[in-house]
Amino acid sequence: MAHAKRIVVVGGGYVGMYTALRLQKKLRRGEAEITVIDPQSHMTYQPFLPEAAAGSIEPRHVVVPLHKVLQGCRVLNGRVTAISDADKQVTVVTAAGSTELLGYDVLVVAPGSVARTLPVPGLPEQGIAFKTVGEAIYLRNHVLSRLDTAATTDDPELRSRLLTFVVVGGGYAGVEALAELADMARYATKYYSGIEAEEMRWVLVEAMDRIMPEVGPKMGVYTVGRLLDAGIEVLLETRVESMVDGHVVLSDGQEFDADTIVWTAGVKPNPMLEQTDLPLGPRGHIECTASLTVEGLDGVFSAGDCASVPDLSKDDPNARTSPSAQHAVRQAKVLADNIKAYLRGYEMTQYKHSYAGSVASLGLYKGVAQIYGVKLRGFPAWFMHRTYHVSRMPTWNRRFRILMDWTTALLMGREVVALGQLHEPKAEFARISGATVTPLPVAPQPTTKAS
């Protein structure tokens, strides 16, 4: 009797989870042993992070528990630190701190991407990323806590700093996060007697000459118009030169203080790939064939944000699929089917998918969409955004919970409470028990520029 093949899936995101989910359904019992490795025990559906940050969706409902949906697989919580295809081994540092070497017959490399940072002074200390549900929760609490603090001071400089919010990066993540958070904060000011919505300053900084290039120039211009209508400043062809101590210096000469700086200026492949013997392209992506196999290697597959996959829907032989959830989910289906074909000696199929278009939310009841050439604006686009993404959300359990969240928010409004204690839950107990307490971070006093 043939031994079960060892399939190791590196990454529990879109590609990793969907691939493992399909494999556990399609493979025969005993045909393979599937191990999924990820530092987290859940998959995050990132298109819903802006709504989770704004309080329209419960944060727990935008994540899918891997142990629950992948019951036919072994889910190993740990961080892959190296891959040696020459030895057919993956090195993993587990959540318990031990190091394991896992052998494999088939490998799926899908660790995804990480935030792309630039050498901007002050960025590591002041910047807030927006790729995980933890960051979304933190950002929500942070924004609301700035309102709480601003309501307790009459210092005009401190209030200005507290009520200035900057988002760097005009792609989907930045625009949607900005629009949703600005909507939430405006709604919250109804319940603060000492703060007017007009006191808040929201700034979008983008280095290119337009935002959201995926929806085309005209829709990008329309989006800028809607942001301006909402009182949001849009600074194009502008870079952040420095943000030391929250003092923002822009390339157009503007300088101001801000206590909230969200960094969404692009992504890059997971740097773990540098510790592998896999073929990487000039930007660090894994070089793949249209069948989603890794170039020149046997039994190694990849897809998603970390992979450079030929785009067969275009005539350009150098075209590559874009890093989007739309491609990742569809690639995972082809990848799983190709693994089954590989194990059984069948011919593998090539991935080909014409980009359907894009949908984006610009806050409550506002959006833009371009689907198969059809352009939508306002409420229809916003409704399509919600409909499309809830249909893509894994499991009916999560879809139902999200629909209930939306219904509750529609009938009863958003919850506008900051739960800052989540980030230092032992601080109060340490204080009353006499232990040394590290103070909660508060907005520093604005710095005075030397003339």
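Conventions adopted
- Residues numbered from 1 in each chain as written.
- Predicted model: local features only at pLDDT ≥ 70, side-chain atom pairs only at ≥ 80, totals over all residues.
- Heavy atoms only, no water.
- Helix = DSSP H or I, 4+ residues; strand = E, 2+ residues; numbered from the N terminus.
- Expected span 1.5 Å × (residues − 1).
- Buried < 20%, exposed > 50% of the residue type's maximum accessible area, 1.4 Å probe, protein only.
- Pairing = 2+ DSSP bridges.
- Axes fitted to C-alpha atoms, helices over the stretch in contact; angles between N-to-C directions.
- Patch = residues over 30% accessible without salt bridge, like charges linked within 9 Å, V, L, I, M, F, W, Y side chains within 5 Å.
- Areas by Shrake-Rupley, 256 points an atom, 1.4 Å probe, with all protein chains shown as cover.
- Salt bridge = Lys/Arg side-chain N within 4 Å of Asp/Glu carboxyl O.
- Polar contact = N/O pair within 3.5 Å; in protein donor to acceptor, adjacent residues only side chain to side chain.
- Contact = heavy atoms within 4.5 Å.
- Phe/Tyr/Trp six-rings, centres within 6.5 Å; stacked < 30°, edge-to-face > 60°.

K.L.:
How do you make sense of helix H5 (residues 133-150) when you look at a structure like this?
P.N.:
Three or four residues apart is the spacing at which side chains of an α-helix point the same way, because the helix has 3.6 residues per turn. Taking 1.5 Å per residue as the helical rise, H5 with its 18 residues ought to reach 26 Å, and the 26 Å between its terminal C-alpha atoms agrees with that figure. Listing the buried residues of H5 in full gives Val133, Ala136, Leu139, Arg140, Asn141, His142, Val143, Leu144, Ser145, Arg146, Leu147 and Ala150.

K.L.:
Got a minute to help me understand the sheet that holds strand S20 (residues 300-302) in this structure?
P.N.:
By way of backbone hydrogen bonds, the strands of a sheet pair with one another, either parallel or antiparallel. Judged by pairing direction, the sheet is mixed, and its 7 strands sit side by side in the order S7-S6-S5-S2-S1-S8-S20 without closing on themselves. Single-partner strands in this sheet number two, and they are strand S7 (99-103) and S20. Between one strand axis and the next, the sheet turns by 35° as a mean value, whatever way the strands run. As paired elements, strand S1 (residues 5-10) and strand S2 (residues 32-38) share 6 bridges and run parallel to each other.

K.L.:
Help me understand a nonpolar patch on the surface, please; the structure alone is not making it clear to me.
P.N.:
Judged by side-chain polarity, Leu364, Tyr365, Phe379, Phe383, Leu410, Leu411 and Met412 come together as a nonpolar surface patch covering roughly 780 Å² of accessible area. Take the nonpolar patch: its biggest share by element is 3 residues, from helix H11 (residues 396-412). Considering the arrangement of structural elements, one finds Tyr365 in the loop between strand S22 (357-361) and strand S23 (367-371).

K.L.:
How do you make sense of the environment of Arg146 when you look at a structure like this?
P.N.:
Here Arg146 is to be found in helix H5. With a relative accessible area of 8%, Arg146 lands in the buried category. Counting along the chain gives 15 residues from Arg146 to Arg161, while the straight-line C-alpha distance between them is 9.2 Å. Within the structure, Arg146 has its side chain in polar contact with the side chain of Ser145 (distance 2.9 Å).

K.L.:
Help me understand the environment of Ala418 in this model?
P.N.:
On the secondary structure map, Ala418 appears in the loop between H11 and helix H12 (427-432). Leave out the neighbours within four places in its chain, and Ala418 touches Asn141, Leu144, Ser145 and Asp148.

K.L.:
Can you walk me through the pattern of salt bridges in this structure?
P.N.:
Any two side chains of opposite charge can pair, so long as their charged atoms come close to each other. In this structure the tally under the stated criterion is 18 salt bridges. Residues Arg22 and Asp337 are paired through a salt bridge, measuring 2.8 Å at the closest nitrogen-oxygen approach. Note that Arg22 is positioned in helix H1 (residues 14-26) and Asp337 in helix H9 (residues 325-344), a separation of 315 residues in sequence. With relative accessibility at 24%, the residue Asp337 sits in the partly exposed group. The partner of Glu51 in a salt bridge is Arg386, and the shortest N-O contact between them spans 2.8 Å. One end of the pair, Glu51, is in helix H2 (residues 49-54); the other, Arg386, is in helix H10 (residues 378-392), with 335 residues separating them in the sequence. Look at Arg386 and you get buried, because its relative accessible area is 11%.

K.L.:
Help me out: how do you make sense of the packing of aromatic side chains in this one?
P.N.:
For any pair of aromatic rings, the description consists of the separation of the ring centres together with the inter-plane angle of the planes. All chains considered together, the criterion is met by 8 aromatic pairs. Where Tyr14 meets Tyr45, the ring centres are 5.9 Å apart and the plane angle is 90°; that geometry is what we call edge-to-face. With Tyr14 in helix H1 and Tyr45 in the loop between strand S3 (42-44) and H2, the pair connects residues that are 31 residues apart, well separated along the chain. Ring centres of Phe379 and Trp382 lie 5.4 Å apart, and the angle between their planes is 40°; on these two criteria the pair is classed as tilted. In this pair, Phe379 and Trp382 both sit in helix H10, 3 residues apart, roughly one turn of the helix. Judged by relative accessible area, Trp382 falls into the buried class, the value being 6%.

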